[in-house]
Amino acid sequence: MTTKHEQILQHILSLEIGHKISVRQIAKTLNLSEGTAYRAIKDAENQGLVSTIERVGTIRIERKKKENIERLTFAEVINVVDGQVLGGRKGLHKTLSKFVIGAMQLDAMMRYTEAGSLLIVGNRVKAHELALSEGAAVLITGGFDTNDDIKQLADEKELPIMSTSYDTFTVAAMINRAIYDQLIKKEIVFVGDIYTPSNQSYYLYAKDKLKRWYELNDKSTHTRYPVVDEKERVAGMITSKDIIGKDQNILIEKVMTKNPIVVQDKTSLAYVAHMMVWEGIEVVPVVDASQKLKGVVSRQDVLKALQQIQRQPQVGETIDDVVSRNLQAIEGDETIFQAHVTPQMTNQLGTLSNGVFTALMTEASSRVLRYIKKGDLVVENLTVYFIKPVQIDSNLIIKPELLEAGRIYAKIDVEVYNGKKMVGKGLLMAQLIDR
């Protein structure tokens with residue numbers, strides 16, 4: 001007999017991806033109280049079956065794939081940038097592989113845009129259309145809307161087209177920060193991120209005969225299986241060692257190992273890895289709060305996840321990191337720097353963002369001070385003159401010059417060139433920090 005709570009979860013699982021649900025609607029459909037429906041929907045959200053999006057509602061989503069534990073869905077992007085959905089609502093559950101700043105010429109923009117990506121762009125309707133046609137979602141910055149036929153195309157393709165009031169640079173920084181936060185959280189990987197669900201794994205019933213083990217062994221080549229009772233609660237484990245010399249017509253429950261070690265989806269990967277090594281276990285059943293089988297986690301799953309964590313950076317990359325990485329000292333002179341303008345460093349007009357321009361000047365000044373004075377700086381005042389706009393793919397030369405340097409304060413003049421033309425100038429007042 002399934003509980004009301006389980007009935008609601010089964011009902012949610014039966015709904016199409018992208019289907020909108022509400023507490024009242026679920027309660028009415030299943031003839032249950034709204035309190036029961038609310039608790040079940042919250043549990044479904046914890047399990048990653050639904051996602052609640054501000055100004056949109058609760059939507060049935062697809063579970064994230066195991067390898068995507070460090071990626072964002074478009075639904076999460078909407079929450080991050082405080083945006084609204086203009087079209088393609090059914091695609092909000094999908095995961096974005098990368099985001100592209102649409103701040104370049106249309107043909108160049110399309111070279112970067114591919115299926116599964118997110119194009120961040122201003123009020124450029126043709127770019128919206130081309131991106132959707134390529135299989136990419138669109139986030140329109142500056143609070144702009146788009147044409148009705150574009151919204152219809154988004155609905156047909158089931159690709160979200162979204163709008164946010166923030167500018168492109170701020171949006172990129174916000175999404176970077178969200179990925180950064182997820183990467184930090186990713187250090188704590190849970191069993192729920194990596195286990196194989198029961199509908200994709202093999203298990204036996206306690207009342208099965210032993211010959212059923214041989215059938216599964218021929219089919220899967222595995223030798224270890226969880227054993228469940230008639231209510232699918234884990235009752236034991238059976239391995240090749242348990243069946244040696246036994247009659248094939250004997251019941252599984254007569255030879256299985258009872259009370260096996262089990263884990264829940266919120267058990268940490270580190271704990272499972274340690275336990276598997278310590279106890280010499282190859283497969284562990286994953287159960288819910290009522291001991292019902294949810295799936296299995298194998299030693300291979302654990303090793304693969306541990307390797308994945310080692311391969312990936314343990315911290316994300318912010319816009320400041322992008323700026324810092326692009327700033328290189330010119331060979332033979334530690335006080336003059338060069339920087340290449342990448343798409344992430346531009347605004348919605350396709351020119352170098354003022355925020356990035358300022359960050360380049362500050363970073364170059366900081367490096368010069370470290371080189372000359374062997375100290376760090378805290379900027380107290382920065383006056384910047386933006387003389388000419390800087391296009392994407394430009395190569396800048398940044399020349400900080402130390403005008404004054406006392407024991408506590410420093411004054412630095414910074415000139416920025418694109419080729420032979422000066423494109424910006426700044427005067428930086430900073431407080432020195434002795435190391």
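From a predicted model like this one, the values you see are computed outputs, not experimental measurements.

K.L.:
Can you walk me through the overall build of the chain in this structure?
P.N.:
Tallying secondary structure elements over the chain gives 16 helices and 21 strands in all. A burial count over the chain gives 45% of its 435 residues as buried. Taking contacts inside the chain between residues at least 6 apart in sequence as the whole, the part at least 24 apart equals 56%. Roughly 22700 Å² of accessible area belongs to the chain as shown, and the carbon and sulfur atoms make up 48% of that amount.

K.L.:
Explanation requested: the pattern of salt bridges in the structure shown.
P.N.:
Where charged atoms from two side chains of opposite charge approach closely, those side chains can pair. The full count for this structure, using the stated rule, is 14 salt bridges. The salt bridge involving Asp229 is made with Arg233; its shortest N-O contact spans 3.1 Å. A relative accessible area of 16% means that Asp229 is categorised as buried. A residue is classified by how much of its surface remains accessible, and Arg233, at 33% relative accessible area, is partly exposed.

K.L.:
What is the right way to look at the sheet that holds strand β10 (residues 204-205) in this model?
P.N.:
Two modes of strand pairing occur in sheets, parallel and antiparallel, and in both the strands are linked by backbone hydrogen bonds. Strand order in the open sheet made by the four strands is β10-β11-β12-β13, with mixed pairing throughout. With partners counted over all chains shown, the strands left at the sheet margins are β10 and β13 (257-258), one partner each. As paired elements, strand β11 (residues 225-228) and strand β12 (residues 234-238) share four bridges and run antiparallel to each other. Bridging across to β12, Val228 finds its partner in Val234. In this fold helix α10 (residues 211-220) packs onto β10, β11 and β12, with an angle of close to 140° to the strand it touches most, β11.

K.L.:
Teacher, can you tell me more about the side chain of Thr36 here?
P.N.:
With respect to the helices, strands and loops of the structure, Thr36 is situated in helix α3 (residues 34-46). Thr36 has contacts with Lys4 and Ile8, leaving out every residue within four places of it along the chain.

K.L.:
How should α10 be read in this particular structure?
P.N.:
Side chains that are three or four residues apart share a direction in an α-helix, a result of its 3.6 residues per turn. Listed as buried for α10 are Trp213, Leu216 and Ser220. Viewed along the axis of α10, the buried residues span an arc of 65°, placing them on a single side of the element. Tucked inside the fold, the buried residues of α10 contact β10, β11, β12, α11 (240-243) and α12 (252-255).

K.L.:
Before we go on, may I ask you to explain the packing of helix α6 (residues 125-133) against helix α7 (residues 148-157) in this structure?
P.N.:
A pair of packed helices is characterised by two quantities: the angle between their axes and the separation of those axes. Where α6 contacts α7, the axes come no closer than 10 Å and their chain directions differ by 10°. The angle between α6 and α7 falls in the class roughly parallel. The way α6 lies across α7 gives a crossing that is left-handed. Where α6 abuts α7, its residues Val125, His128, Glu129, Leu132 and Ser133 lie against Ile150, Leu153, Ala154 and Lys157. For the contact of α6 with α7, the residue count by class is five nonpolar, two polar and two charged.

K.L.:
Just checking my understanding: could you explain α6 for this structure?
P.N.:
All of the buried residues in α6 are Ala127, His128, Ala131 and Leu132. The arc enclosing the buried residues of α6, seen along the axis, measures out at 130°, which places them on a common side. Tucked into the core, α6 has its buried residues touching α5 (106-112), β6 (117-121), β7 (137-140), α7 and β8 (161-163).

K.L.:
What am I meant to see in a negative patch on the surface here?
P.N.:
A cluster of like negative charges, contributed by Glu16, Asp155, Glu156 and Glu158, occupies part of the molecular surface. By the secondary structure assignment, Glu156 is in helix α7. A relative accessible area of 56% means that Glu156 is categorised as exposed.

K.L.:
Looking at this model, I keep getting lost on the sheet that holds strand β9 (residues 196-197). Mind explaining?
P.N.:
Strand order in the open sheet formed by three strands is β9-β15-β14, with antiparallel pairing between adjacent strands. Two strands close off the open sheet at either side, each with one partner strand: β9 and β14 (283-287). When β14 meets strand β15 (residues 293-298), the two strands line up antiparallel, connected through five bridges. Residue pairing in the sheet places Val287 in a bridge with Leu293 of β15.

Rules used throughout
Residues numbered from 1 in each chain as written. Predicted model: local features only at pLDDT ≥ 70, side-chain atom pairs only at ≥ 80, totals over all residues. Heavy atoms only, no water. Helix = DSSP H or I, 4+ residues; strand = E, 2+ residues; numbered from the N terminus. Buried < 20%, exposed > 50% of the residue type's maximum accessible area, 1.4 Å probe, protein only. Contact = heavy atoms within 4.5 Å. Areas by Shrake-Rupley, 256 points an atom, 1.4 Å probe, with all protein chains shown as cover. Salt bridge = Lys/Arg side-chain N within 4 Å of Asp/Glu carboxyl O. Pairing = 2+ DSSP bridges. Axes fitted to C-alpha atoms, helices over the stretch in contact; angles between N-to-C directions. Arc of directions from axis to C-beta. Parallel < 35°, antiparallel > 145°, perpendicular 65-115°, else oblique. Left-handed = near helix turned anticlockwise from the far one by under 90°. Nonpolar A, V, L, I, M, F, W, Y, C, P; charged D, E, K, R; others polar. Patch = residues over 30% accessible without salt bridge, like charges linked within 9 Å, V, L, I, M, F, W, Y side chains within 5 Å. Lys, Arg positive; Asp, Glu negative; His and termini not counted. Charge placed at Lys NZ, Arg CZ, Asp CG, Glu CD.

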